[in-house]
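Structural overview for review
Take a look at the letters that make up each chain.
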Amino acid sequence: MGIVRIEEAHYGVEDLELCIRFFADFGLGAPDQKERTASYRTAAGQLLCLHDRREPELPPAPEPGSTIREVVWGVDRQSDLDVLVAGLGRDREITEDPAGTFHTHDDCGYGIGLRLVRDSAAQLWFREANSTGHERRWNEPLQRLGRARPYRMCHVAYHIPLAGREQSVTFYTERLGFHVTDQLVDMGTFMRAAGDADQHTLLLGHRADRRGINHIAFEVANFDEVVEGGNHMVACGWPESRRLGRHTIGSNVFRFFQAPCGGRVEYAADMDRVDETYGPHVYQQRPPHHMWMLTTNGQKEEL
Ligand SMILES: [Fe+2]
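Procedures and definitions
- Residues numbered from 1 in each chain as written.
- Predicted model: local features only at pLDDT ≥ 70, side-chain atom pairs only at ≥ 80, totals over all residues.
- Heavy atoms only, no water.
- Buried < 20%, exposed > 50% of the residue type's maximum accessible area, 1.4 Å probe, protein only.
- Helix = DSSP H or I, 4+ residues; strand = E, 2+ residues; numbered from the N terminus.
- Core = buried A, V, L, I, M, F, W, Y, C linked by side-chain atoms within 4.5 Å.
- Domains from an automatic or database assignment.
- Contact = heavy atoms within 4.5 Å.
- Polar contact = N/O pair within 3.5 Å; in protein donor to acceptor, adjacent residues only side chain to side chain.
- Pairing = 2+ DSSP bridges.
- Axes fitted to C-alpha atoms, helices over the stretch in contact; angles between N-to-C directions.
- Phe/Tyr/Trp six-rings, centres within 6.5 Å; stacked < 30°, edge-to-face > 60°.
- Lys NZ or Arg CZ within 6 Å of the ring centre and 35° of its normal.
- Lys, Arg positive; Asp, Glu negative; His and termini not counted.
- Salt bridge = Lys/Arg side-chain N within 4 Å of Asp/Glu carboxyl O.

Looking at helix α3 (residues 165-175)
- Looking only at α3, the buried set comprises S168, V169, F171, Y172 and R175.
- G177 occupies a position one or two residues after α3 and carries a positive phi of about 80°.

Here is the structure:
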């Protein structure tokens with residue numbers, strides 16, 4: 001299949017302790033911490049690494065301040081990894097580290113890596129839902145979750161410059177095997193990794209006409225977890241950057257928070273799953289950002 005998911009995300013950050021507090025509240029728990037690095041392993045086995053941004057080994061920053069420095073893509077088979085690495089090696093320098101990760105850059109200048117996926121036996125927890133005629137949960141009152149327990153990093157969204165945007169997209173489709181699912185001509189291109197069923201694993205958005213991280217999304221189990229996880233973040237004082245809603249493209253339920261590691265992070269649930277028969281859809285005029293978004297009169301959550 002080739003690339004199946006985000007395997008690692010590396011940020012260079014200005015305030016490591018602040019980021020550690022943020023991701024503890026976000027639901028990732030305590031990191032494996034070294035002097036200038038904090039690492040988290042998602043339940044799905046991916047790595048999120050926060051580095052002091054002055055670390056000289058980090059790939060170049062795409063923007064000032066705290067931001068993404070490298071996304072490592074996970075490949076399911078050694079033979080596919082060999083083909084992808086050999087193809088990239090035709091026109092760019094590639095280095096291999098002792099852990100078996102190959103490092104280079106994409107055509108927009110973002111640091112990228114390739115490696116085999118890590119195994120994880122952990123499953124995303126699941127809770128049945130009831131509706132008349134579709135009763136699935138009997139004699140099992142629901143329990144308050146209180147906070148989120150993100151399962152995996154499910155997609156990354158980059159800003160890219162308007163100039164050269166086709167080349168930026170083509171790198172991922174032609175060189176790394178991504179499939180365009182939905183292209184919004186005046187906004188950006190949604191792409192699915194060859195081995196992923198999510199409607200998008202990667203979004204290259206050109207509306208801001210600059211480089212930088214927009215967000216990484218973390219999948220949680222369901223609607224309740226998006227809401228309760230977000231409420232916990234608000235209660236902890238973290239600034240929400242986009243209220244609860246459901247996207248038009250991808251259909252995922254979302255809630256976004258400004259992240260001290262750079263850009264934003266998203267709680268995401270119930271994204272469309274698609275296969276080779278889906279798209280690519282091309283929209284000359286972009287559809288609305290969301291099909292709905294929560295509106296309130298400023299009430300706080302009542303317990
Ligand atoms: Fe997203």
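Considering unusual backbone geometry
- Look at the link from G279 to P280: it is a cis peptide, with omega at 0°.
- Structurally, the position occupied by P280 is in the loop between β16 (264-269) and β17 (281-283).
- The phi angle at S251 is positive, at roughly 65°, despite the residue not being glycine.
- In this structure, S251 sits in the loop between β14 (240-247) and β15 (253-258).
- Positive phi, normally seen in glycine, also occurs at D270, with a value near 60°.
- For D270, the position within the fold is in the loop between β16 and β17.

Side note on the nonpolar core
- Among the nonpolar cores identified, the biggest contains 58 residues, and F23, W73, L114, Y158, Y172 and L176 are the most heavily contacted of them.
- In terms of residues, this core owes the most to one element, helix α1 (residues 16-26), which gives six residues.
- Two domains each put at least three residues into this core: domain 1 (3-116) and domain 2 (152-292).
- Apart from residues lying up to four places away in sequence, L176 is in contact with I3, L84, L88, I112, L114 and F171.
- Counting six residues, the second-largest nonpolar core is a separate cluster that includes A157, M187, F190 and I249.

A word on the side chain of R5
- Here R5 lies in strand β1 (residues 3-13).
- Only 3.1 Å separates the side chain of R5 from the backbone oxygen of R118, close enough to count as a polar contact.
- Those residues in contact with R5 that sit more than four places away from it in its chain are A44, G45, Q46, W73, G74, V117 and R118.

Observations concerning the sheet that holds β15
- Pairing in this open sheet of 10 strands is mixed, and the strands run β17-β10-β11-β12-β9-β13-β16-β15-β14-β18 from one edge to the other. Strands with a single pairing partner mark the edges of an open sheet, and in this sheet they are β17 and β18 (290-293). Across the sheet, the axes of successive neighbouring strands diverge by a mean angle of 25°, strand direction being ignored.
- Summarising the sheet, strand β10 (residues 179-184) and strand β11 (residues 188-192) pair through five bridges and their orientation is antiparallel. Residue pairing in the sheet places L184 in a bridge with G188 of β11.

Quick look at the sheet that holds strand β5 (residues 67-75)
- Taken in spatial order, the eight strands line up as β2-β3-β4-β1-β5-β8-β7-β6 in an open sheet, and their pairing is mixed. Edge positions in the sheet fall to β2 (32-34) and β6 (95-96), since each has one partner strand and no second.
- As paired elements, β6 and strand β7 (residues 102-105) share two bridges and run antiparallel to each other. Looking across to β7, one finds that E96 is bridged to F102.
- In the packing of α1 onto the sheet, contacts are made with β1, β2, β3 (37-41) and β4 (47-52), and the angle to β3 comes to roughly 20°.

What about the packing of aromatic side chains?
- Evaluated as defined, the whole model comprises 15 aromatic pairs.
- Plain terms: the ring middles of F22 and W238 are 5.0 Å apart, the flat faces sit at 85° to each other, and that makes the pair edge-to-face. Highlighted residues: F22 in helix α1 and W238 in the loop between α4 (223-235) and β14, separated in sequence by 216 residues.
- Ring geometry for F257 against Y267: centres 6.3 Å apart, planes inclined by 75°, an arrangement best described as edge-to-face. With F257 in strand β15 and Y267 in strand β16, the pair connects residues that are 10 residues apart, well separated along the chain.
- One aromatic cluster is present, formed by F22, F23, F26, Y40, F218, W238, F257 and Y267 through successive ring pairs.
- The cationic tip of R211 hangs over the ring face of Y110; the distance from NZ or CZ to the ring centre is 5.9 Å.
- A cation over a ring is seen here: R264 above F256, with NZ or CZ 4.4 Å from the ring centre.

A word on the environment of T296
- Here T296 lies in the segment after β18.
- Sequence separation between T296 and A235 is 61 residues; the distance between their C-alpha atoms is 17 Å.

Remarks on the side chain of R192
- One can find R192 in strand β11.
- It turns out R192 is buried and unbridged, and the closest side chain with the opposite charge, E276, is 4.6 Å from it.
- Among the polar contacts made by the side chain of R192, one reaches the main-chain carbonyl oxygen of D196 at a distance of 2.9 Å.
- Setting aside residues up to four positions removed in sequence, R192 forms contacts with F178, H179, T181, A197, D198, Q199, H200, T201, V274, D275 and E276.

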